[in-house]
Amino acid sequence: MIQIKLKGDVIREYEPGTTVADVAKSLGAGLFKAACAGKADGKVVDLRTPLTESCALSILTFDDEEGRKAYWHTSSHILAQAVLRKIPGAKFAIGPAIDSGFYYDFDLPAPLSPEDLAGIEDEMKRIIKEDVLIERFTLTPDEAVRLMEEYGQPYKVELIREHAGKGEPISFYRQGDFTDLCAGPHLLSTGCIKAVKLLSATGAYWRGDASKAMLQRIYGVTFPKASALEEHLTRLEEAKKRDHNLLGRQLGFFTTNELVGQGLPLLMPKGARVIQTLQRFVEDEEEKRGYLLTKTPLLAKSDLYKLSGHWGHYKDGMFVLGDEEKEGEEVFALRPMTCPFQYMIYKADMHSYRDLPLRYGETSTLFRNEASGEMHGLIRVRQFTISEGHLICTPEQLESEFAGVVDLIKFMMRTIGIEEDISYRFSKWDPNDTEKYIGTKEMWDETQRDMRRILDRLGIDYTEEEGEAAFYGPKLDIQMKNVHGKEDTIITVQIDHSLAERFDMTYVDQNGEKKYPYIIHRTSIGCYERTLAMLIEKYAGALPLWLCPEQARILPLSDRFQDSAQGIRDKLRAAGIKAEVDMRSEKVGYKIREAQLEKVPYMLILGDKELESGTVSVRSRKEGDMGTKTPEEFIAMARAQIDSKAID
RNA sequence: GCUUCCGUGGCUCAGUUGGUAGAGCAGCGCAUUCGUAAUGCGCAGGUCGUCGGUUCGAGUCCGACCGGGAGCUCCA
């Protein structure tokens, strides 16, 4: 007998060879029905796995992340089986579970129409109803290749050939007429899936490589209960309503124009005001922290970028002015970053170790010629303005300067209220990508070791990603997901031990020797356009009071009150509160409705009652009627909120 | 850049098998002067993204380009 330690440290004895499914069954019919996979001594296992030795076992259900992954992975196989039935000649690539469901990539003879998708979804429901048994079996690599060649599946053959070297048997899962190469785990039968929805069909490159074939990807999601699917779909709909690309336009924050061009949003008065508020806040805070403001040109001769390495590594991403081919013509380029400009400021003087650290900050407008399919609202644009900065320091100062930058960033994130929504990524180079990166392996090993040590000491909880570094150094990227679940970098901090030498930036140390300093590239709040986009989505347009482009709107009950309304508006403005009056001859209900839709934080209603008592009726966008206050009381309340940068 | 879907007045959309455009909101005018999410009436507004093709005739069919959405790739 073997001893299995279950939930709550309960130990039960089983015959050796008992499967995970058997154990689940012995614990209860309900658990067996809900079981998606098992976890034996911390390792995720298939329900079919026979237990040969004593271990700690937990049964994973849809409520566990790993159980959910197995559930969705099985769903992707059902999708593939449905495609096989509906589209003869379909070739299968890969079909994993993802955080929000699953997808499967296919090579199909014709593009998928929405009707095709509906037909495939119906077929999936049929397969589920048939409750097809799912079986696991293994083959040697040679047998596996032969089987997949027989099925006419070249992508699977390619995958098997790659695995073959490991000398392990290749596992397959078969459900009726469909057999797929797969490591598992999987549910026991197709009937375990209850509610299905196919969400979209799009393109995706084989192996994520743009030089390889474009496949068709179908995204879907499934749940054990129809109501859970409904809720999920409702959530997706709700999320779309927060989309900054929609809401930001509705609220009059920005617009785009065909004649102006792709990726070139026009910030309208309200959006421009929000960004101005953020920018003033950032510049003031940086000044307090010892940053030196610079203002450098938006373009430079190509020679500067040749020196920085951008001409070699980043030319496709730059807007180049002038014709390189023409003899003797000067060629310029709009700047894609601020680095070399601030370096030239550093180089304008001789520096002693006593001068360091030097912290340069600039509200910097950058231009990047992104490929046409990359642009998205305010998140990915061709011209943007970033709180850019470079810290020049000695090796001894690197850690404390880095810590200072992280402290500033955390302060910014806390202030705008997104501290809980971000994650940290340690972005490293890819040693095999010689095209992309400059510098030696020793240099990379050293700076990455330095950065890791600093991150660990700062207690930052980060993930690691290879091949995401800047071409000159590793990065700490601060990531945030947009409303569609897509992650973007909003802030980045980089350690650079390579460009100082390239630019011959030196300082004189205690011994009178010239040394190359470390450079920290950083932004404190990111680029304003992208940060604004994230704020719109985070707050569904209802920004914290201090950031609102219109903080109070006075609503005179009838035309008779217009003069006094303007008087109150002027009082508020004098107190630094952004106030307007709705002068239209409309009913107050109508004015309130509009102000609510425009997310104006406070509405001040003015009629006979208020005029007599020298007050206004205050309505908050969030709490509704707040009763009457004198203008002075309202100003005091609003100012307190604004000055503390309160997050509602 | 790639795959796919889409493009009708400022916005949201309708427009049947090709027969030369319609609604609501917004705007403007008039009336109304109103108490916490839409007052009524009227007026004006579109060479149907652009260019080319098929056709007696194109918003409707075809192509190219421009722009937008989703995904992929890319993102110093």
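### Section: unusual backbone geometry
- Cis geometry is adopted by the peptide bond preceding P357, which originates at L356 and carries an omega value of 0°.
- For P357, the location among the structural elements is in the loop between α12 (339-347) and β22 (358-367).
- In this structure, A540 takes a positive phi of about 50° despite not being glycine.
- Counting through the fold element by element, A540 comes out in the loop between α16 (528-539) and β31 (552-556).
- One non-glycine residue with positive phi stands out, namely K645, at about 50°.
- Classification of K645 as partly exposed rests on a relative accessible area of 25%.

### Some thoughts on the layout of surface pockets
- Taken as a whole, the second largest pocket spans an internal volume of roughly 530 Å³.
- Ranked by the residues each element gives to the lining of the second largest pocket, the list is headed by helix α6 (residues 154-164), at three residues.
- Across the lining of the second largest pocket, the residue classes tally to 10 nonpolar, six polar and five charged.

### Brief notes about the pairing of strand β23 (residues 383-393)
- Among the 11 residues that make up β23, 10 are buried, leaving the element largely enclosed by the rest of the structure.
- Bridging between β22 and β23 involves 10 bridges; their strand directions are antiparallel. If you follow S364 over to β23, its bridge partner there is I386.

### Some thoughts on the protein's contact with RNA strand B
- The environment of RNA strand B is formed by 54 residues, the closest being Y205, Y314, S372, R593 and E610.
- The sugar-phosphate backbone supplies 48% of the atoms of RNA strand B found within 4 Å of the protein.
- Within the side chain of Y219, an N or O atom sits 3.1 Å from a sugar or linking oxygen of RNA strand B.
- Among the elements of the structure, β14 (195-205), β15 (214-223), α11 (310-314), α18 (588-597), α19 (608-613) and β34 (616-620) are those that each provide at least two residues to the surface near RNA strand B.
- Within the surface near RNA strand B, the residues separate by chemical class into 17 nonpolar, 19 polar and 18 charged.

### Section: the sheet that holds strand β5 (residues 43-45)
- One open sheet holds the five strands; their spatial order is β2-β1-β7-β4-β5, and the pairing between them is mixed. Each edge of the sheet is formed by a strand with only one pairing partner; in this case those strands are β2 (11-14) and β5. With strand direction ignored, the average angle separating the axes of adjacent strands in the sheet is 35°.
- In terms of strand pairing, strand β4 (residues 35-40) meets β5 through three bridges, oriented antiparallel. Within β5, the position partnered with A40 by the bridge is K43.
- Where helix α3 (residues 65-86) meets the sheet, it contacts β4, β5 and β7 (55-61), and its direction lies at approximately 130° from that of β4.

### Details of the sheet that holds β23
- The eight strands are arranged β18-β22-β23-β30-β27-β26-β24-β25 in an open sheet whose pairing can be described as mixed. Taken across any chain shown, the strands that pair with only one partner, and hence form the sheet edges, are β18 (292-293) and β25 (462-466).
- In this sheet, strand β27 (residues 487-496) lies alongside strand β26 (residues 475-481) in antiparallel orientation, the contact comprising seven bridges. Within the sheet, the bridge partner assigned to M480 lies in β27 and is D488.
- Across the sheet, helix α13 (residues 398-416) is in contact with β22, β23, β24 (422-428), β26, β27 and β30 (518-527); its angle to β30 comes to roughly 0°.

### Brief notes about α6
- Taken as a whole, α6 has its buried residues at Y155, K156, V157, L159 and I160.
- Residues of α6 that are buried sit in contact with β8 (91-92), β10 (101-107), α5 (141-150), β12 (170-175), β13 (178-181) and β15.

### A short note on helix α1 (residues 20-27)
- V20, A21, V23 and A24 are the residues of α1 that are buried. All buried residues of α1 project into a common sector of 160° when viewed along the axis, lining one side.

### Topic: the packing of helix α9 (residues 269-288) against α13
- Two elements in contact, α9 and α13, have axes separated by 12 Å at closest approach and are oriented at 145°. Crossing hand, α9 versus α13: right-handed. For the pair α9 and α13, contact is made by L278, F281, V282, E285 and E286 and by L408, F411, M412, T415 and I416, respectively.
- Here the residues of the contact of α9 with α13 sort into seven nonpolar, one polar and two charged.

### Quick look at the pattern of salt bridges
- Under the counting rule described, the total for this entry stands at 47 salt bridges.
- Among the ionic pairs, E121 bridges to K125, the shortest N-O distance being 3.3 Å. Residue E121 and its partner K125 are located together in helix α4 (residues 114-130), separated by four residues, close to a single helical turn.
- Classification of E121 as buried rests on a relative accessible area of 10%.

### Things to note about the environment of A70
- By the secondary structure assignment, A70 is in helix α3.
- Taking the C-alpha atoms as reference points, A70 and D142, 72 residues apart in sequence, are found 27 Å from one another.
- In this structure A70 touches C36, A37 and P185, once residues within four positions along its chain are discounted.

### Observations regarding the side chain of H186
- Position of H186 among the secondary structure elements: in the loop between β13 and β14.
- Of the polar contacts made by the side chain of H186, one reaches the side chain of H77; its length is 3.5 Å.

Analysis parameters
- Residues numbered from 1 in each chain as written.
- Chains lettered and ligands numbered in written order.
- Predicted model: local features only at pLDDT ≥ 70, side-chain atom pairs only at ≥ 80, totals over all residues.
- Heavy atoms only, no water.
- Helix = DSSP H or I, 4+ residues; strand = E, 2+ residues; numbered from the N terminus.
- Buried < 20%, exposed > 50% of the residue type's maximum accessible area, 1.4 Å probe, protein only.
- 1 Å grid on protein atoms, 1.4 Å probe; cavity = no way out; pocket = protein on both sides within 12 Å on 5 of 7 lines; lining within 4 Å.
- Points joined across faces, edges and corners; volume = space filled by probe spheres on them.
- Nonpolar A, V, L, I, M, F, W, Y, C, P; charged D, E, K, R; others polar.
- Pairing = 2+ DSSP bridges.
- Near = heavy atom within 4 Å.
- Polar contact = N/O pair within 3.5 Å; in protein donor to acceptor, adjacent residues only side chain to side chain.
- Axes fitted to C-alpha atoms, helices over the stretch in contact; angles between N-to-C directions.
- Contact = heavy atoms within 4.5 Å.
- Arc of directions from axis to C-beta.
- Left-handed = near helix turned anticlockwise from the far one by under 90°.
- Salt bridge = Lys/Arg side-chain N within 4 Å of Asp/Glu carboxyl O.

By themselves, these figures tell us nothing about what the structure is for.
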